Amino acid sequence: MTAELVRGQNHPLDRARVEIRVTAGSPVVAGVTLGDEQGRLAGAEAVAHPGAPRRPGIEVPRQAAADHRIAVDLDALPGDVHRVSVLLALPRGIGALSTFGSAAAPSVTVTGLDGTGIARYTVTGLGAESAVVAVELYRRQGAWKVRAVGQGYADGLPAMLHDQGLPQAAELAAQIEEAISHGQARAVQAPAVAAGRSERAGAGPAAADRPSPAHPPASDGAPSAPGAAPGTGAKAAAAARPADVAPAPVGGGPIDYRHPQRRSTPPPAGQAPTAPAPAPAAPAGASAPAGSSAPPDGPSLPVAGDAAGWSMEERLYNQVWGMFEDLARSVAAYRSASGFAESRLEQELDQALSDPRNRLGTAADAARATARDKHAALVAQARAALDRDLAQLAAESAVVEPALPPAFARWDHPVWQGHHIPLERPMALRLGDLHLPEVLHLRIPMLVRLPLERGLWIDSGPDAYAGSAGPDPDRDIARRELGSALTDGPPDEAGLRRLAMETAVAIAARMLAIHPAGDFAVQVIDPGGTAASALAPLVESGALPAAPVPGAKGVATVLEALTRRVDLVQMAVRHRAGDALPPDLDTAEQLLIVHDFPHGFDDRALTQLRYLADEGPAVGVHLLMVADRAQSREYGPVLDPLWRSLLRITPVADAHLADPWVGHAWTYEPLLAPKGSQVVRQVLGRVAAARRAS
């Protein structure tokens with residue numbers, strides 16, 4: 001897991017060959033200095049810069065760019081080198097900013113050669129500085145560590161080099177500037193995202209609490225085309241840009257605050273239209289949807305990961321949330337406009353027919369026809385606006401879905417065919433899909449943050465599906481769609497219970513697959529032993545060590561063990577005594593699947609279950625209930641807090657989730673493997689193999 005450093009903090013390095021990745025909001029020059037124990041430089045040959053990019057054990061980029069990768073081999077460094085300092089400076093003469101305070105804070109990440117993050121430092125608090133020592137790798141008693149420095153210099157490169165003891169600092173700084181000026185044609189500008197989702201406020205939950213760089217870093221998993229020279233993509237984009245389209249402002253200038261996907265309003269009379277910013281290139285392997293084009297005054301082509309975030313996973317997460325909010329707002333606007341048209345139709349009819357003399361004859365017919373024509377025009381106008389928004393969202397979904405990581409992907413996604421157990425924990429989990437009745441073909445992934453802050457409840461009762469009181473168009477739509485969800489007709493009670501347990505197993509398999517080996521475990525309570533067929537993939541693969549013990553004894557054994565784990569971990573956290581935990585205690589996160597509740601539960605077991613639901617998530621014990629609430633009515637209101645603490649989902653498509661913004665009733669559809677697919681068993685087999693190898 002990548003360590004997030006603050007200024008002055010250090011972190012050990014467990015390998016000699018590392019890569020230093022720099023991400024900035026505007027083009028910067030990256031260099032490295034090789035210092036002794038006091039950080040003093042022996043001479044100009046101790047500096048790696050674009051004019052001399054290679055030194056023993058060091059290689060830096062040859063041009064200014066918004067993203068850099070610096071290769072470091074600590075074993076190849078000279079013996080008298082004890083400090084490796086990473087320098088960042090703003091170049092002159094290529095349209096870049098003059099101070100770091102005018103751009104997004106640069107970020108420096110030390111990674112392994114395989115891209116595994118070791119430590120990350122975001123250089124915050126910069127103002128008038130134009131050069132900064134971001135981080136340094138230093139040797140102490142034979143071991144290497146990385147330290148977050150963040151020392152800025154308002155006088156630029158000369159002052160920074162002079163501070164490191166280089167007598168000819170001004171001359172070397174001039175050489176570096178000259179090398180950069182000769183490489184201006186190759187300079188890589190920061191990606192233009194002015195037309196993207198990343199500039200929208202609130203592109204996801206708690207957006208104000210997350211860093212929002214002006215230019216999100218490009219995905220590490222999207223390399224340039226094979227054989228392409230550095231800067232080829234930037235030059236090709238510049239060559240393909242129409243002559244009358246100005247590039248997005250880098251160092252200042254007017255900003256276009258119009259919504260990048262709603263640019264149909266003409267400019268005021270006498271005002272020249274503002275040219276849209278060029279759309280950023282799509283990641284490698286993600287092609288634009290068929291038939292899509294980007295007219296000069298139309299919406300830009302959608303791009304996967306076009307949202308704020310420090311990693312591609314976070315950008316995709318925020319982009320999905322942005323799509324959810326866009327769809328909610330667009331449908332809310334359509335429903336509001338349709339309601340206004342209905343109320344206006346009633347008012348105009350009442351006004352036209354309020355006079356008894358106008359209720360009969362051609363005048364009454366003309367008034368009714370005029371009112372209905374106005375109503376039809378208003379509804380058609382609202383529908384046209386909705387269709388335009390839906391077309392843009394559908395195009396964005398077609399680009400985003402193929403780029404999703406396993407934690408966000410459907411079971412039929414190709415990413416599962418080559419899936420490998422990750423080394424880091426994911427930030428979110430896809431529980432299912434959401435859609436609205438106005439647009440049945442557009443599914444928005446339902447993502448929840450990890451670790452789960454509340455348990456899950458899969459409602460296996462018939463009241464959740466077939467017992468709705470009165471007509472409900474959303475539920476009717478869900479019923480009509482059910483023919484495509486694993487069955488050709490409405491399921492009976494036994495079918496609902498089977499689908500509910502299969503949904504629970506699919507969620508458990510996904511949780512196991514997206515966590516590092518040994519970091520997540522599953523336990524099951526099945527007092528009646530009726531879930532054996534659904535649990536077969538977990539048991540046969542070894543992901544579940546053994547079939548659950550039936551009866552009250554099995555319930556008590558599992559609950560006692562998990563309650564003990566919660567108590568011990570809570571005490572260890574409270575007293576900061578994590579090393580005092582018993583060696584037989586499994587510290588991996590636990591997912592407890594409870595089936596056939598409340599069969600086999602006595603009063604003590606109920607109390608323990610409620611305790612796990614309340615206290616477990618904070619220490620890594622999560623609850624997944626597969627139950628029919630009607631079967632526990634004999635307990636009265638005692639269990640009401642338990643049900644309210646859980647997030648209710650259904651094993652079939654059902655409109656029961658309401659968003660807090662506009663109050664839509666969203667239809668939830670669970671994620672299950674395609675009929676006849678063995679993808680869940682294959683993934684669980686890889687999980688078991690990774691556990692044995694670890």
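For clarity, every value in this text was computed on a predicted model and none was experimentally measured.

Participant: Which residues make up the overall build of the chain, and what values go with them?
Facilitator: Per the secondary structure count, the chain includes 12 helices and 21 strands. Counting contacts in the chain only where the partners sit at least 6 residues apart, residues at least 24 apart contribute 72% of the total. Of the roughly 32300 Å² of accessible surface on the chain, a fraction of 54% belongs to carbon and sulfur atoms.

Participant: Account for the sheet that holds strand β19 (residues 647-649), naming residues and giving values.
Facilitator: Strand order in the open sheet made by the 5 strands is β16-β17-β18-β15-β19, with parallel pairing throughout. With one partner strand each, in any of the chains shown, β16 (520-525) and β19 form the two edges of the open sheet. Averaged over all pairs of adjacent strands, the angle between strand axes in this sheet comes to 20°, irrespective of strand direction. As judged from the 4 bridges shared by strand β15 (residues 456-459) and strand β18 (residues 621-627), these two strands associate in the parallel manner. Across the sheet, residue isoleucine 458 finds its bridge partner in β18, namely valine 626.

Participant: Account for the packing of helix α7 (residues 493-514) against helix α8 (residues 532-541), with residues named and values stated.
Facilitator: At a minimum axis distance of 9 Å, the contact between α7 and α8 shows a crossing angle of 15°. Here α8 runs roughly parallel to α7, going by the angle between their axes. Where α7 crosses over α8, the handedness of that crossing is right-handed. Counting all contacts with α7, which are made through Met501, Glu502, Val505 and Leu512, the residues of α8 involved are Ala534, Leu535 and Leu538. When grouped by side-chain class, the residues that make up the contact of α7 with α8 number 6 nonpolar, no polar and 1 charged.

Participant: How would you summarise the confidence of the model for the chain if you had to cite specific residues and measurements?
Facilitator: Residue-level pLDDT values for the chain average 79, and 78% of them are 70 or greater. Summarising per-element confidence for the chain, the mean pLDDT is lowest in helix α3 (residues 232-240) (37) and highest in β16 (95). In the model, residues 198-296 has pLDDT below 50 throughout and makes 121 contacts with residues more than four positions away in sequence or in other chains. Taken together, the stretch residues 466-488 has pLDDT below 50 and engages in 36 contacts with residues farther than four places along the chain or on a different chain.

Participant: Quick one: what's the story with the side chain of threonine 111, residue by residue and with numbers?
Facilitator: Mapped onto the elements, threonine 111 comes out in strand β9 (residues 107-111). If we ignore the near neighbours within four places in the chain, the residues touching threonine 111 are Val18, Glu19, Arg21, Thr116, Gly117 and Ile118.

Participant: Lay out the pattern of salt bridges in plain terms, naming residues and giving numbers.
Facilitator: For the structure shown, the criterion picks out 26 salt bridges. Residues arginine 681 and glutamate 540 are paired through a salt bridge, measuring 2.5 Å at the closest nitrogen-oxygen approach. With arginine 681 in helix α12 (residues 679-693) and glutamate 540 in helix α8, this pair connects stretches of sequence that are 141 residues apart. Taking relative accessible area as the criterion, arginine 681 reaches 35% and is therefore assigned partly exposed. Given a relative accessible area of 59%, glutamate 540 falls into the exposed group. In this structure, the salt-bridge partner of aspartate 640 is arginine 629, at a minimum N-O distance of 3.0 Å. In this pair, aspartate 640 sits in helix α11 (residues 640-645) while arginine 629 sits in the loop between β18 and α11, placing the two residues 11 residues apart along the sequence.

Participant: With reference to specific residues and values, describe unusual backbone geometry.
Facilitator: Excluding glycine, a negative phi dihedral is what most residues carry, and trans is how most peptide bonds are arranged. In this model, leucine 450 is joined to proline 451 through a cis peptide bond whose omega is -5°. Structurally, the position occupied by proline 451 is in the loop between β14 (439-449) and β15. Phenylalanine 597 connects to proline 598 through a cis peptide bond whose omega is 5°. Take proline 598: it is sitting in the loop between β17 (589-597) and α10 (603-615).

Participant: Which residues make up the packing of aromatic side chains, and what values do they have?
Facilitator: Summed over the entire model, instances satisfying the criterion amount to 7 aromatic pairs. Seen in terms of ring centroids, phenylalanine 597 and tryptophan 643 are 6.0 Å apart; in terms of plane orientation they differ by 75°. Their pairing is edge-to-face. Taken together, the residues phenylalanine 597 in strand β17 and tryptophan 643 in helix α11 connect sequence positions 46 residues apart. The class of phenylalanine 597 is buried, set by a relative accessible area of 1%. Since its relative accessible area comes to 4%, tryptophan 643 is described here as buried. Within the aromatic cluster, the residues linked to one another by ring pairs are Trp457, Phe597, Phe601 and Trp643. Positioned above the aromatic ring of tyrosine 138 is the side chain of arginine 147, whose terminal nitrogen or guanidinium carbon lies 4.0 Å from the ring centre. When the ring centre of tryptophan 411 is taken as reference, the NZ or CZ atom of arginine 510 above it lies at 4.8 Å.

Participant: Now, about the sheet that holds β14: what can you tell me, with residues and values included?
Facilitator: Taken in spatial order, the 4 strands make up an open sheet running β14-β13-β21-β20, and their pairing is antiparallel. Since the sheet does not close on itself, it has two edges, and those belong to β14 and β20 (654-658), each with one partner. Strand-to-strand twist across the sheet, computed as the mean angle between neighbouring axes with direction ignored, equals 45°. As judged from the 4 bridges shared by strand β13 (residues 428-436) and strand β21 (residues 665-670), these two strands associate in the antiparallel manner.

Participant: Give a detailed account of the packing of α8 against α12, specifying residues and quantitative values.
Facilitator: Between α8 and α12, whose axes approach to 8 Å, the crossing angle comes to 30°. In this view, α8 runs roughly parallel relative to α12, as classed from their interaxial angle. α8 and α12 meet at a crossing whose hand is right-handed. Residues Ala536, Pro537, Leu538, Glu540 and Ser541 of α8 touch α12, and the partners they reach there are Arg681, Leu684, Gly685 and Ala688. In terms of residue class, the contact of α8 with α12 is built from 5 nonpolar, 2 polar and 2 charged.

Participant: Describe the environment of serine 541, and please don't skip the residues or the numbers.
Facilitator: Its location among the elements puts serine 541 in helix α8. Distance in space between the C-alpha atoms of serine 541 and glutamine 682 is 8.7 Å, their sequence separation being 141 residues. Polar side-chain contacts of serine 541 include one of 3.3 Å to the backbone nitrogen of alanine 543.

Participant: Give me the nonpolar core: which residues, what numbers.
Facilitator: Counting residues in hydrophobic clusters, the biggest one holds 82 residues, and the most contacted among them are Leu327, Trp411, Leu431, Val522 and Ile593. If you tally residues by element for this core, the top one is α7, at 14 residues. Those residues in contact with isoleucine 593 that lie beyond four places of it in its chain are Met501, Ala504, Ala508, Val522, Gln523, Val524, Ile525, Leu624 and Val626. In terms of nonpolar packing, the next biggest core, distinct from the first, is built from 57 residues, Ala3, Val29, Leu87 and Leu90 among them.

Participant: Tell me about α7, and name the residues and values.
Facilitator: Because each turn of an α-helix spans 3.6 residues, side chains separated by three or four positions end up pointing in the same direction. Its 22 residues give α7 an end-to-end C-alpha distance of 32 Å, which sits within 8% of 32 Å, the value for a rise of 1.5 Å per residue. Taking burial as the measure, the 22 residues of α7 include 17 buried ones, the bulk of the element.

Participant: Can you tell me about the environment of alanine 341, naming the residues and giving the values?
Facilitator: One can find alanine 341 in helix α4 (residues 312-352). The spatial distance from the C-alpha of alanine 341 to the C-alpha of alanine 377 is 8.9 Å, given a sequence separation of 36 residues. When sequence neighbours within four positions are dropped, the list of residues in contact with alanine 341 reads His375, Leu378 and Val379.

Basis of the calculations
Residues numbered from 1 in each chain as written. Predicted model: local features only at pLDDT ≥ 70, side-chain atom pairs only at ≥ 80, totals over all residues. Heavy atoms only, no water. Helix = DSSP H or I, 4+ residues; strand = E, 2+ residues; numbered from the N terminus. Contact = heavy atoms within 4.5 Å. Areas by Shrake-Rupley, 256 points an atom, 1.4 Å probe, with all protein chains shown as cover. Pairing = 2+ DSSP bridges. Axes fitted to C-alpha atoms, helices over the stretch in contact; angles between N-to-C directions. Parallel < 35°, antiparallel > 145°, perpendicular 65-115°, else oblique. Left-handed = near helix turned anticlockwise from the far one by under 90°. Nonpolar A, V, L, I, M, F, W, Y, C, P; charged D, E, K, R; others polar. pLDDT = per-residue confidence, 0-100. Salt bridge = Lys/Arg side-chain N within 4 Å of Asp/Glu carboxyl O. Buried < 20%, exposed > 50% of the residue type's maximum accessible area, 1.4 Å probe, protein only. Phe/Tyr/Trp six-rings, centres within 6.5 Å; stacked < 30°, edge-to-face > 60°. Lys NZ or Arg CZ within 6 Å of the ring centre and 35° of its normal. Polar contact = N/O pair within 3.5 Å; in protein donor to acceptor, adjacent residues only side chain to side chain. Core = buried A, V, L, I, M, F, W, Y, C linked by side-chain atoms within 4.5 Å. Expected span 1.5 Å × (residues − 1).

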